Amino acid sequence: MDRKVVWAAGGGFGGATNDGSVVRTVDGGRSWQDVTPPGGAVDSFRDVEAFDRDHALVLALPIGDEPSRIYRTADGGATWQLVFRNTLPDAFYDCMAFFDDRHGLAVSDPVGGKYRILATEDGGRTWRQTPSGGMPAATPGDSALATGTCMVANGRRNAWFGTTGTSDGSSHNPQVFHTRDGGKTWSAADTPIRGETASIASLSFRDPRHGLAVGGGFNPGEGIDSGVDASTADGGSSWSIGDPLSGFRNSVAWVPGGGHTAVAVGPSGSDVSTDSGKSWTQFDRTHFLGVNCSSSGGCWAVGSGGMAAQLVVRRP
């Protein structure tokens, strides 16, 4: 949120169990508080959307008989309220994104052939299912990756989400869906990302026109750790492929004040691009799974074993 306040959430990566966590620091990372919702260790928290040091929402993935859920706190995580519990058969909510502190969206894997969208207009206190008429049909077998940044927003009305691009063992290109009206209607654009393991895991837009998509494939048991990326300069209508990343990257963010500079993190390390995603260079090998940046707080990454780190940018 700023130089002092950082929220983070995680759990369940690579099939891990009982490691669901939500944490917060209010002193710039010198100390951290475990603010996980009661009983939440069994959950996989794949998204946290915070507005200040007190107000935040977290998305819990389905586990056992429990469906997708969204929790909200207004007291820094001391208490949590269950504000959404999925009742749609086959729905699996992956990510949330907010335009401001009141208006936000959440995306589910396709139900009945279309991605399903939740919307809130009161800061996440209540959620409603949006009509599906404005959503194009999904490619059969397609889905989204529950990374927390598979859906992002920029400005008051623009939001995007990316897809896996794999279907029943065959291969088709991942797509990026875009809304210009706050989630009422959507368009879908094919990306040039290719390969059966080439999924979009994360998106980031520095303004309504310039965006990045990163991902790839990751399966240590099969020796798969491949990274892919694409960029857009027209709000997601068209995408250009960039040079391969050093490995699968789970999250990407633009560096504030860095112009064309962005960072992407994943299990095998972190890459930096200084040309808006055309080329990438690995600069760190720490296992990170999430990265986020703000103009007042710099960039933070979180990852394996509760690791948290702040990006140090050395200016020439």
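Before any of the text, the structure's been laid out above.
For every chain, the first residue of its written sequence is number 1, and the numbers climb from 1 along that sequence. For a predicted model such as this one, the threshold for reporting local features is a pLDDT of at least 70, and the threshold for listing and counting side-chain atom pairs is 80 or more; totals across whole chains, interfaces and linings nevertheless cover every residue. Remark: hydrogens and water are excluded; side-chain values derive from all non-hydrogen atoms of the structure.

## A closer look at the environment of N158
In step 1: Tracing the chain through its elements places N158 in strand β13 (residues 158–162).
In step 2: Contact between two residues is taken to exist if any of their heavy atoms lie within 4.5 Å; hydrogens are not considered. If we ignore the near neighbours within four places in the chain, the residues touching N158 are F99, V152, A153, H178, T179, R180 and P208. Counting from the N terminus, the helices are the DSSP runs of H or I reaching at least four residues and the strands are the DSSP runs of E reaching at least two.

## Some words on the nonpolar core
As a rule of thumb, nonpolar side chains are buried together in soluble globular proteins.
In step 1: For this analysis, a nonpolar core means a set of buried residues of the types Ala, Val, Leu, Ile, Met, Phe, Trp, Tyr and Cys, connected via side-chain atoms within 4.5 Å. Accessible area is worked out with a 1.4 Å probe on protein chains only. A residue is then buried under 20% of its type maximum, exposed over 50%, and partly exposed in between. Counting 17 residues, the largest nonpolar core has L105, V107, I117, M151, F161 and W186 as the members making the most contacts within it.
In step 2: When residues in this core are grouped by element, the largest group, 3 residues, is from strand β10 (residues 114–120).
In step 3: Ignoring anything within four residues of it in the chain, the contact list for V107 reads F92, Y93, D94, C95, Y115, R116, I117, C150, M151 and F161.

## Side note on the pattern of salt bridges
In step 1: For this document, the term salt bridge refers to a Lys or Arg side-chain nitrogen within 4 Å of an Asp or Glu carboxyl oxygen. The final tally for this structure, using the stated rule, is 6 salt bridges.
In step 2: In this structure, R69 and D43 form a salt bridge, with 2.8 Å as the shortest nitrogen-oxygen distance. Linking R69 in strand β6 (residues 69–73) with D43 in the loop between β3 (33–34) and β4 (45–50), this pair joins segments that are 26 residues apart in sequence.
In step 3: Between R206 and D207 there is a salt bridge, and its shortest N-O distance comes to 3.9 Å.
In step 4: For D207, a relative accessible area of 23% puts it in the partly exposed group.
In step 5: Overlapping salt bridges bring together D43, E66, R69 and R85 as one network.

## So, the sheet that holds strand β23 (residues 262–266)
In step 1: Within the open sheet, the 4 strands sit side by side as β22-β23-β24-β25. Their pairing is antiparallel. At either end of the open sheet lies a strand with only one pairing partner, and these are β22 (251–254) and β25 (281–284). Looking at each pair of strands side by side, their axes are set apart by 30° on average, direction ignored.
In step 2: DSSP-based pairing: two strands are paired if at least 2 bridges between them are found. In terms of strand pairing, β22 meets β23 through 4 bridges, oriented antiparallel. Angles here are taken between N-to-C directions and fall from 0 to 180 degrees, while the axes themselves are lines fitted to C-alpha atoms, restricted in helices to the stretch in contact.

## A short note on the sheet that holds strand β16 (residues 175–179)
In step 1: Spatial ordering of the open sheet is given by β12-β13-β16-β17, a layout of 4 strands whose pairing is antiparallel. A single partner strand is all that each edge strand has here, and the edge strands are β12 (151–154) and β17 (187–190). Looking at each pair of strands side by side, their axes are set apart by 20° on average, direction ignored.
In step 2: Across 4 bridges, the pairing between β13 and β16 is antiparallel. Following the sheet pairing, G162 is matched in β16 by V176.

## What to know about the packing of aromatic side chains
In step 1: Ring geometry is summarised as follows: Phe, Tyr and Trp rings, the Trp one being its six-membered ring, pair when their centres sit within 6.5 Å, and such pairs are stacked at plane angles under 30 degrees, edge-to-face over 60 and tilted between the two. For the structure on display, the rule yields 12 aromatic pairs.
In step 2: Their ring planes at 85° and their centres at 6.2 Å tell us that F205 and W239 sit as a pair that is edge-to-face. With F205 in strand β18 (residues 199–205) and W239 in the loop between β20 (224–232) and β21 (240–241), this residue pair connects regions lying 34 residues apart in the sequence. Taken as a pair, F205 and W239 share a single burial class, namely buried.
In step 3: Feature note: the residues Y115, F161, F177 and W186 constitute an aromatic cluster, connected by ring pairs.

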